[in-house]
Amino acid sequence: MGATYNSEILIVGAGICGLMAATELVAAGYQVLVVDKEQTVGGRLATRGIGPGLADYGAQFLTARDRRFARHVAAWQDAGLIFQWSTGWSDGGMLRSLFDGHPRYATRGGMNALAKRLAAEIETAGGAIHTGARLALVRVDERGWRASDDEGNRYIAETLVLTPPVPQVLAMLDSGGVPLARDERGVLQYIRYAPCLCGLFWIDGGVNLPEPGALQRREADVGWIADNQRKGISPEATVVTVHAGPAWSRAHYDDDDGRVLSLLGAALRPWLASNATIREAQIQRWRYALPTILHSEPFLCAQGLPPLYIGGDAFGGPRVEGAALSGLAIAAAIKAR
Ligand SMILES: Cc1cc2nc3c(=O)[nH]c(=O)nc-3n(C[C@H](O)[C@H](O)[C@H](O)COP(=O)(O)OP(=O)(O)OC[C@H]3O[C@@H](n4cnc5c(N)ncnc54)[C@H](O)[C@@H]3O)c2cc1C
């Protein structure tokens, strides 16, 4: 028999969108519960150990081009949580055209440490966060929102905020027959994501990536290679993150692990010293890595239902910054309601 949790606001997803929304709402005095299906917070702000090293395997850095987000980023930088890593990337050739002067920030201890810090602050301020809770069923009645997770726990809330990738949001709403308006469903069904296949490689020997230890090739089969040791998050070991581009990831998504890692490892080879060896390789498949067709607004608020807000990086703008702005906009809308 599971437990029942009551809250004013139930936020599904402890990625940057859900965490930014929760931070603002808890500060405003709302009773907030955040749930996430994973054992740890962060979503695509993802960092893991490999050998004695550490690697970011989702978002690699964040930008702060919008002043509403830049305010938070400046505070995190002042607190020593994040640091400026670069102002752009080489494409691995002689070109430096990708150095556009905009700061890219990384997090001390890996990108996931930012999510953990925000989660700790939310809990200190009185909010609650449940990890390992996959919401499977969402229903609505005249009193508000009802949901349940895989473990049989039940959730009751006046306001529901959904921040997972949109196909997962639609599955959740459809599971309980939530009657979305036709145009709202149309907006959600139009959103698309590109996948990303990621390889993590623990290397014995030298890695010769250009400054600052990473390269980016937007349309290439392998779009990103980064040395986590030179980034400063893996002092104990050289661990390289390799991200395949969207087309390559789509074509190879269902290949077996060994084949994907061997192809990604071959793409890394030219950047390794001749005597360097791969000690261990790990794979991560991101089905919904980056939105390719977005909704133009920072969130969708359903009409004719108890308060329901849908947000994340497919709303308003992509990446960490877009997702954070979506969370901030949702919190502002709830406060103004
Ligand atoms: C490989 C890769 C590289 C990237 N590189 C960069 C980069 O360098 N810079 C950048 O700015 N952005 C980058 N991004 C994008 C960035 O990571 C995302 O835009 C951002 O983190 C999305 O945040 P979010 O909160 O919208 O979603 P998410 O982080 O996906 O959070 C959604 C959360 O919902 C949870 N969830 C899903 N279903 C359920 C359920 N049923 N019940 C409970 N919880 C559920 C998930 O576990 C997840 O934690 C990258 C992404 C990937 C995958």
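Q: Looking at this structure, how should I read the overall build of the chain?
A: Check the secondary structure of the chain and you find 9 helices and 17 strands. What you see for the chain is a C-alpha radius of gyration of 20 Å, in line with the 20 Å of a compact globule of 337 residues. C-alpha extents for the chain along the principal axes are approximately 65 × 45 × 40 Å. Considering only residue pairs separated by 6 or more positions, the chain has 69% of its internal contacts joining residues 24 or more positions apart.

Q: How do you make sense of the domain arrangement of the chain when you look at a structure like this?
A: Interfaces are often sized by the accessible area lost when the parts come together. The domain boundaries assigned to the chain delineate domain 1 (4–45 + 113–191 + 292–336) and domain 2 (48–59 + 90–99 + 193–291). Between the C-alpha centres of domain 1 and domain 2 there is a distance of 31 Å. Contacts between the two partners involve 12 residues from domain 1, matched on the other side by 7 residues from domain 2. Of the residues contributing to the side of domain 1 that touches domain 2, the split by class is 9 nonpolar, 1 polar and 2 charged.

Q: Teacher, can you tell me more about the packing of helix H1 (residues 16–27) against helix H9 (residues 319–336) here?
A: Where H1 contacts H9, the two axes come as close as 7 Å, and the packing angle between them is 35°. Crossing handedness for the pair H1 and H9: right-handed. Contacts between H1 and H9 involve Ile16, Cys17, Gly18, Leu19, Met20, Ala21, Glu24 and Leu25 on the former and, on the latter, Val320, Ala323, Ala324, Ser326, Gly327, Leu328, Ile330, Ala331 and Ile334. Tallied by class, residues from the contact of H1 with H9 come to 13 nonpolar, 3 polar and 1 charged.

Q: Help me out: how do you make sense of the sheet that holds strand S15 (residues 277–293) in this one?
A: Across a sheet, strands are paired by hydrogen bonds formed along the backbone, either parallel or antiparallel in direction. In spatial order, the strands read S12-S13-S14-S11-S15; together these 5 strands make up an open sheet with antiparallel pairing. One side of each edge strand has no neighbouring strand; the edge strands of this open sheet are strand S12 (214–216) and S15. Taken pair by pair, the neighbouring strands of this sheet meet at an average axis angle of 15°, ignoring direction. Running over the sheet, helix H8 (residues 257–268) touches strand S11 (192–204), strand S13 (222–227), strand S14 (238–244) and S15 and is turned about 70° from S11.

Q: Just to check I follow, could you spell out the site of the ligand for this structure?
A: Surrounding the ligand, one finds 40 residues, the nearest of these being Gly13, Gly15, Gly43, Pro164 and Arg319. Every element with two or more residues in the shell around the ligand is listed here: H1, helix H4 (166–175), S11, S15 and H9. Looking at the shell around the ligand, the element that brings in the most residues is H9, giving 4 residues. Its residues placed into classes, the shell around the ligand shows 21 nonpolar, 11 polar and 8 charged. Looking at which domains feed residues into the shell around the ligand, each of domain 1 (4–45 + 113–191 + 292–336) and domain 2 (48–59 + 90–99 + 193–291) supplies at least three.

Q: How do you make sense of the packing of H1 against helix H3 (residues 112–124) when you look at a structure like this?
A: Helix-helix packing: each pair is described by the crossing angle between the helix axes and the interaxial distance. At a closest axis distance of 10 Å, the pairing of H1 and H3 adopts a crossing angle of 25°. Judged by the inter-axis angle, H1 sits roughly parallel to H3. For H1 against H3, the interelement crossing comes out left-handed. On the side of H1, the interface is formed by Ile16, Leu19, Ala22, Thr23 and Val26, while H3 contributes Ala115, Leu118, Ala119, Glu121 and Ile122. Of the residues assigned to the contact of H1 with H3, the class counts are 8 nonpolar, 1 polar and 1 charged.

Cut-offs and rules
- Numbering of residues begins from 1 in every chain and follows the order in which that chain's sequence is written.
- This being a predicted model, a pLDDT of at least 70 is required before a residue's local features are given, and a value of 80 or more before pairs of side-chain atoms are given or counted; all residues contribute to the totals for chains, interfaces and linings.
- Only DSSP runs of H or I with at least four residues qualify as helices, and only runs of E with at least two residues qualify as strands; both kinds are numbered from the N terminus onward.
- As defined in this context, the radius of gyration uses C-alpha atoms, and a globule is described by 2.2 Å times the residue total to the power 0.38.
- We call two residues in contact when the distance between their C-beta atoms, placed using the backbone, is within 7 Å.
- The domain boundaries here were taken from an automatic or database domain assignment.
- The residue classification treats Ala, Val, Leu, Ile, Met, Phe, Trp, Tyr, Cys and Pro as nonpolar and Asp, Glu, Lys and Arg as charged. All others, Gly included, are polar.
- Fitted lines through C-alpha atoms give the axes, limited to the stretch in contact for helices. The angle between two N-to-C directions lies from 0 to 180 degrees.
- A clockwise turn of the near helix away from the far one marks a right-handed crossing, whereas an anticlockwise turn of less than a right angle marks a left-handed crossing.
- We treat two strands as partners when DSSP finds at least two bridges between them.
- In this analysis, residues qualify as near a molecule or strand once their C-beta atom, positioned from backbone atoms, comes within 6 Å of it.
- Oblique is the label for any angle not under 35 degrees, not over 145, and not in the 65 to 115 range, which are roughly parallel, roughly antiparallel and roughly perpendicular in turn.

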